[in-house]
2 protein chains.
Amino acid sequence: MDAAEFRRRGREMVDYVADYLENIEQRPVYPDLEPGYLRSLIPSEAPLEPESYEDVMKDVERVIMPGAASPACTELETVMLDWLGKMLQLPECFIAGTDGHGGGVIQGTASEATLISLLAARCKAIRRVQATNPEISEAEVLSKLVAYTSEQAHSSVERAALIGGVMMRKVPTDKTYAVGGHMLKQMVEEDKAAGFIPFYVTKHSGIECVCLFQFCATLGTTPSCAFDHTTELGPICNDENMWMHIDAAYAGSAFICPEFRPLLNGIEFADSFNFNPHKWLLVNFDCSAMWVKKRTDIIGAFKMEPLYLKHENQESGLVTDYRHWQIPLGRRFRSLKLWFVFRMYGLKGLQAHIRKQVALAKEFESLVRADKRFEICAEVIMGLVCFRLKGSNELNQNLLKKITKSQEIHLVPCQLSGRFVLRFAICARTTESRHIQQAWRHITQLTFELLQEPSH
Amino acid sequence: MDAAEFRRRGREMVDYVADYLENIEQRPVYPDLEPGYLRSLIPSEAPLEPESYEDVMKDVERVIMPGAASPACTELETVMLDWLGKMLQLPECFIAGTDGHGGGVIQGTASEATLISLLAARCKAIRRVQATNPEISEAEVLSKLVAYTSEQAHSSVERAALIGGVMMRKVPTDKTYAVGGHMLKQMVEEDKAAGFIPFYVTKHSGIECVCLFQFCATLGTTPSCAFDHTTELGPICNDENMWMHIDAAYAGSAFICPEFRPLLNGIEFADSFNFNPHKWLLVNFDCSAMWVKKRTDIIGAFKMEPLYLKHENQESGLVTDYRHWQIPLGRRFRSLKLWFVFRMYGLKGLQAHIRKQVALAKEFESLVRADKRFEICAEVIMGLVCFRLKGSNELNQNLLKKITKSQEIHLVPCQLSGRFVLRFAICARTTESRHIQQAWRHITQLTFELLQEPSH
């Protein structure tokens, strides 16, 4: 949609809202629909080719308005997460409209998705132990739980453990900054062999596995966009009865392209998975997509049923109560964003967007590689290029200071193997090759100035 | 703003967005401002009288655009929470722009505010105990913590305790469905005298108080809009070193009117307080306003500082990092909603809105009281009327079924002292006396039909 169409459609939307409010008294206060009404009214998959804005708006009137905010808000979300799950070729067990037990939900941010998965895993572990050892208190079990994640995982993973009141250990990474199976295995064996198990063996033999309850794998780490080896990690988690959560907040969007999809292999071992369409799939903040293999795992973690929240379909199993899937109680109608974007771009349009941005990152990478003063610090797989000036951390810190001060481009650093590294991230919808060329000219100009300074 | 002006302003706003995107390359990528730039550019209090839309938009260009999304997003939020805090006459210690140590933040929902306050209280209690008893593990302290709330509190309070992994006890209420000081005191004494203290006295004498860590008071409960006696409860919490959180999710908006402000008395004893402007102050969902007396209590609970989130003002104390105040990492620019609403209505306009809605509730109350078949079940203080047909719960359940089925009005029930009660809530911006009269005619018509049925 170009600017001229945006202006036209925006005006139409303002009128649509005004008309709605002016005539709201003519609408029924409560929808007269059976649970599950929406699924049959729309296709079961996202379109391949873009559709017209008119067609989407016609469907707003036909599909959404009869279901008002509720149940349309819930039902469109379930179906949109199915569409998106199919775009990612998720295993069928994660798709709600199947015989499986899974499904998707929109969380605000990946932090919330991670926390929710950790709380579900914690609850499941506590119940499992108490089922066979009812004499052990919840607090006692809690004190023995250990969660694992990569030392390169996002800070929100560690924060989730802090909130959940459980210990989290950080698994070291290989030289590509990814966690492999043997590293997790070794740590798990250590924890079982020392500290936790002796305590348990002494006091309550036979419940060793309680101390291991979750592993959070990252596909596309924040510092360098590294990919944990999920196909190795998955079987270990499954064997040890550990919940595996996969966080692909940034990189997940790319899995809609068949050439990137192999990076998601191993998802079949996972209990939950999330990524943020608001990061790289042209959907506005906030919109973090999360799937679980077993709906009951997540619902069971903190279900509350006061009378003022009861409804007649409570026990039918036909209705999804997303309030049990998240921290807040109230919800916004965020699936509309997905619906509009999927239809206005089509799967092919979204794939083209991802491919273009990866190509731009590769273009920047070649510019860096062609300049002997610089080095690339991690494999460029998606839209992130980690690079630095060969030399000291101080030199690179000074370069970043110059870049920030000149206010033309904005880079955020990271630390890789003790080295201060600059991160060039491509994510804006309108970025073109000329911006890449311009950014690199700017960086080399500042580098030239920096290296002229007497201190160097 | 009437519909015609909404259409005009909406179109202008669409053009504003389109212009912004078309010319984004001309804007600096990074703002050139000192931390705290925004406060001096706008008044220190909300206007009394409404302002014009033009004036607000001029200030968007003058105040917000130079600060882009950041730091403008953070700084406007801090100042808007100060404006709102002053409208509520909060004690100065909760206002950020003072010599105090407090301040406000926008959370998504009251559930999140409650959870955040519980986590802050939990962290503070654990640290306090470990400071004097370093040999006690965190898990052990955790297992001894007890939080308290009213049996009439919202389900999200109990859910917060579940997420935080701590025990929560429900304090019984008096005949107005409110918690008084003596009821809390008695329960606290019981807990200290039995179970927890003997255990502690035996193993680690001198740390009795650890078992009491939070009381969540409610001003305007969900079932009946009852008000806990905060002036009695506050001193008990302070004496026992318990964190007091006050949740006034719905009723809080009314405290901008001097005649309702006494209901907030006791706030001076509280450590944290929240209410939802999205419920009753004409601000769209989501927007839950939360204040804390000591910023460090909330920040300390789960601070994480990875390199990619570091910034140059990190340690200066001049910058508020709201990511430490909440569960998610990313944030939307929700304070714009407050800024627009406060200025378009003025304090007087907002007070008029509250007063009109309370008057409508009183009007409905008189209609109920004039009909001998019905009874009022709780004092009508704000916009909620709890009523029922004199007679069995079944009778009232059947009445509600008829009301729901006819799709003209929507009521949500509650349980008060074992009785099934209907709740008539006034909250839509456009509700007028004619709607109240119409709703009551409708209810009495359905009642007439119900009582004609052979089963009654």
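Everything numeric here is computed off the predicted structure, so don't read it as measured data.

1. As for the relation of the copies chain B and chain A
Between the two copies, chain B and chain A, the superposition gives an RMSD of 0.0 Å; the rotation angle is 180 degrees and the shift along the axis is 0.0 Å. Expressed as an axis order, the relation between the two copies is that of a two-fold axis. Taking C-alpha positions as the reference, the residue of chain B nearest the rotation axis is B:R11, at 2.6 Å. Same-surface contact between copies: 100% of interface residues of chain B are shared with the interface of chain A.

2. A closer look at the UniProt feature "modified residue: N6-(pyridoxal phosphate)lysine" (unreviewed entry) in chain A
All names here are of chain A. Per the UniProt entry, the sites bearing "modified residue: N6-(pyridoxal phosphate)lysine" (unreviewed entry) are K279 in this numbering. Along the chain, the position of K279 falls in helix α10 (residues 277–280). If near-sequence neighbours (up to four positions away) are discounted, K279 is found in contact with A249, Y250 and C427.

3. With respect to the domain arrangement of chain A
Residue and element names in this part refer to chain A. With domains assigned, chain A is organised as domain 1 (78–344) and domain 2 (351–452). Distance from the C-alpha centre of domain 1 to the C-alpha centre of domain 2: 32 Å. Counting residues at the interface gives 22 residues for domain 1, matched by 20 residues for domain 2. Taking both sides of the interface into account, the surface hidden between domain 1 and domain 2 amounts to around 1700 Å²; carbon and sulfur atoms contribute 68%. There are one salt bridge connecting domain 1 and domain 2. The closest approach of N and O atoms between R355 and E259, which form a salt bridge, is 2.7 Å. Residue composition of the side of domain 1 that touches domain 2, grouped by class: 16 nonpolar, four polar and two charged.

4. With respect to empty space enclosed by the protein
Under the criterion given, the structure shown has five cavities of 30 Å³ or more. Computed from the structure, the largest cavity encloses a volume of approximately 260 Å³. Lining of the largest cavity is provided by 25 residues; of these, A:D286, A:R332, B:E112, B:D286 and B:R332 occupy positions nearest its centre. Taken together, the residues that form the lining of the largest cavity break down as five nonpolar, 10 polar and 10 charged.

5. Concerning the pattern of salt bridges
Pairs may arise between side chains of opposite charge once their charged atoms sit close together. Under the defined criterion, the tally for this structure stands at 63 salt bridges over all chains. B:R332 serves as the salt-bridge partner of B:D286, at 2.5 Å between the closest nitrogen and oxygen. You can see B:D286 sitting in the loop between α10 (277–280) and β7 (288–292) and its partner B:R332 sitting in the loop between α11 (295–299) and α12 (335–369), a full 46 residues away along the chain. According to the relative accessible area criterion, B:D286 is buried, its value standing at 8%. When the shortest N-O distance is used, the salt bridge between B:D286 and B:R334 registers 3.5 Å. Of this pair, B:D286 sits in the loop between α10 and β7 while B:R334 sits in the loop between α11 and α12, placing them 48 residues apart in sequence. On the basis of relative accessibility, which here comes to 9%, the residue B:R334 falls in the buried class. Here the residues in one salt-bridge network are A:D286, A:R332, A:R334, B:D286, B:R332 and B:R334, joined through shared partners.

6. Observations concerning helix α12 (residues 335–369) of chain A
The end-to-end C-alpha distance of α12(A) is 42 Å, clearly below the 51 Å that 35 residues give at a rise of 1.5 Å each. The largest bend in α12(A) amounts to roughly 90 degrees and is located at A:G346.

Rules behind the numbers
Residues numbered from 1 in each chain as written. Chains lettered and ligands numbered in written order. Predicted model: local features only at pLDDT ≥ 70, side-chain atom pairs only at ≥ 80, totals over all residues. Heavy atoms only, no water. Least-squares fit on C-alpha atoms with pLDDT ≥ 70 in both. Contact = heavy atoms within 4.5 Å. UniProt positions renumbered as here; feature names shortened; annotations may be inferred. Helix = DSSP H or I, 4+ residues; strand = E, 2+ residues; numbered from the N terminus. Domains from an automatic or database assignment. Buried area = accessible area lost by both parts, 1.4 Å probe. Salt bridge = Lys/Arg side-chain N within 4 Å of Asp/Glu carboxyl O. Nonpolar A, V, L, I, M, F, W, Y, C, P; charged D, E, K, R; others polar. 1 Å grid on protein atoms, 1.4 Å probe; cavity = no way out; pocket = protein on both sides within 12 Å on 5 of 7 lines; lining within 4 Å. Points joined across faces, edges and corners; volume = space filled by probe spheres on them. Buried < 20%, exposed > 50% of the residue type's maximum accessible area, 1.4 Å probe, protein only. Expected span 1.5 Å × (residues − 1). Bend = angle between axes of the 7 residues up to and from the residue.

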